[in-house]
Amino acid sequence: MPERQREKTGQQGQGFEELPHQYRITVSVGPDAEGDDRNIRRGRIERLSEEINATPVRWLGSPKTYASLNQKHGLSGDYVISAVDSTNKSSIGYGPCIGIAAVGRSNDGSDKNVSLLVHAIPNLISSYSFVKDLTERFAELKAQSEEKTTDVVIFGGNAENKDNNPDPYYRNQHLESLAELVRLVQLVLSVDPRVFDPATGGFTDVVFENDQRRLHMTREAHQKIPETLEQNGSEILKKVL
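This is a predicted model, so every value here is computed, not measured. (Residues numbered from 1 in each chain as written. Predicted model: local features only at pLDDT ≥ 70, side-chain atom pairs only at ≥ 80, totals over all residues. Heavy atoms only, no water.)

K.L.:
I'm lost on the overall build of the protein in this one. Help?
P.N.:
Counting its secondary structure elements, the protein contains five helices and 13 strands. Scored against the burial criterion, the 241 residues of the protein give a buried share of 54%. The long-range fraction of contacts in the protein, counting pairs at least 24 apart against all pairs at least 6 apart in sequence, stands at 72%. Total accessible area on the protein stands at roughly 11100 Å², and carbon and sulfur atoms take up 48% of it. (Helix = DSSP H or I, 4+ residues; strand = E, 2+ residues; numbered from the N terminus. Buried < 20%, exposed > 50% of the residue type's maximum accessible area, 1.4 Å probe, protein only. Contact = heavy atoms within 4.5 Å. Areas by Shrake-Rupley, 256 points an atom, 1.4 Å probe, with all protein chains shown as cover.)

K.L.:
Teacher, can you tell me more about helix H3 (residues 128–144) here?
P.N.:
Think of an α-helix as 3.6 residues a turn; residues three or four steps apart then line up on the same face. The end-to-end C-alpha separation of H3 is 24 Å, in line with the 24 Å expected for 17 residues at 1.5 Å each. Within the span of H3, buried status applies to Phe130, Asp133, Leu134, Arg137, Phe138 and Leu141. The buried residues of H3 occupy an angular sector of 135 degrees when projected down its axis, which confines them to one face. Facing away from the buried surface of H3 by more than 90 degrees, the exposed residues are Tyr128 and Ala143. Residues of H3 that are buried in the fold lie against strand E4 (72–73), strand E5 (79–81), strand E7 (98–105), strand E8 (113–120) and helix H4 (168–189). (Expected span 1.5 Å × (residues − 1). Arc of directions from axis to C-beta.)

K.L.:
I tried to follow the pairing of strand E2 (residues 26–29) on my own but got confused; where do I start?
P.N.:
In the case of a regular strand, side chains alternate between the two sheet surfaces. Here E2 shows a buried face lined by Thr26 and Ser28 and a second buried face lined by Val27 and Val29. When E2 meets strand E12 (residues 214–219), the two strands line up parallel, connected through four bridges. Paired with Ser28 across the strands is His216, a residue of E12. (Pairing = 2+ DSSP bridges.)

K.L.:
Could you clarify how one ought to interpret the pattern of salt bridges in this entry?
P.N.:
For side chains of opposite charge, pairing can occur when their charged atoms come near one another. Applying the stated rule across the entire model yields 10 salt bridges. The salt bridge involving Lys89 is made with Asp85; its shortest N-O contact spans 2.8 Å. Take Lys89: its relative accessible area is 1%, and that puts it in the buried class. Here Lys238 makes a salt bridge to Glu235, at a shortest N to O gap of 3.2 Å. Residue Lys238 and its partner Glu235 are located together in helix H5 (residues 233–240), separated by three residues, close to a single helical turn. Among the charged side chains, a network of salt bridges with common partners joins Arg24, Asp151, Arg194 and Glu230. (Salt bridge = Lys/Arg side-chain N within 4 Å of Asp/Glu carboxyl O.)

K.L.:
Sorry, what's going on with unusual backbone geometry here?
P.N.:
Glycine aside, residues mostly have negative phi angles, and peptide bonds mostly take the trans form. One non-glycine residue, Asn53, lies in the positive phi region at around 55 degrees. Within the secondary structure, Asn53 is located in the loop between helix H1 (38–51) and strand E3 (55–56). Asn53 gets classed as exposed once you look at its relative accessible area, which sits at 65%.

K.L.:
Just to check I follow, could you spell out H4 for this structure?
P.N.:
With 22 residues, H4 extends 31 Å from end C-alpha to end C-alpha; this agrees with the ideal 32 Å at 1.5 Å per step. Trailing H4 by a residue or two, Ser190 shows a phi angle of about 55 degrees, which is positive.

K.L.:
Looking at this structure, I do not really get the nonpolar core. What am I missing?
P.N.:
Note on soluble globular proteins: their nonpolar side chains tend to be buried together. Formed by 32 residues in total, the largest nonpolar core has its most connected members in Ile100, Val118, Phe130, Leu134, Phe138, Ile154 and Leu181. Sorting the residues of this core by element identifies E5, E7, E8, H3, strand E9 (151–156), H4 and H5 as the ones contributing at least two each. With nine residues, H4 is the largest single contributor of residues to this core. If near-sequence neighbours (up to four positions away) are discounted, Val118 is found in contact with Val80, Ile81, Tyr94, Ile98, Gly99, Ile100, Phe130 and Leu134. Ile25, Cys97, Val206 and Met217 belong to the second-largest nonpolar core, a separate cluster that totals 18 residues. (Core = buried A, V, L, I, M, F, W, Y, C linked by side-chain atoms within 4.5 Å.)

Printed below as a string of structure tokens:
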């Protein structure tokens, strides 16, 4: 991964118990060099994915692949939710799509982590099938994890219009989608997720290292993430109430 990265471990929102540092997901954000080509960035992510044998979580993948990897998905692959397991995971091409990385320490005595990765188009986030599938996967993660070891990060999405200009309408839609996910995370996992927001035009690609609890994230050069834009989920809810 590129040298220029910002690493964040964050804090739980007010009203939620603070996780010990070792259970927090570290997010490595980079590169942020002007003029960095998306193909170069994607190449970095793909090489890292190969090096650590990451399980692909492909949006618009094939039903056969989803079945072989025990991944839940929409009818046309417009959302995909990985299995809850101890593998590394990767997904590319989060444009308007929103992602979730969640991890807990396995309660099977193995001292390993178990995790899941999500890639979903935002207009399906409130759909019955997506909510059902994600709730079931969150429940699996909770059942397989030791108490007070679970952390969640939400990322991706798009708050711009078709001309890649900031647009209040799309921004509100984006916030509503984030709020739906925050509520579900809080309800099922009793965790206040961290949200990397706002997203702008372009794409986000990620690799999640399960054992290290590290989310590698590359975004468009103009999608810089100032410190103030890493927020707790509770802050997102305040914006839509």
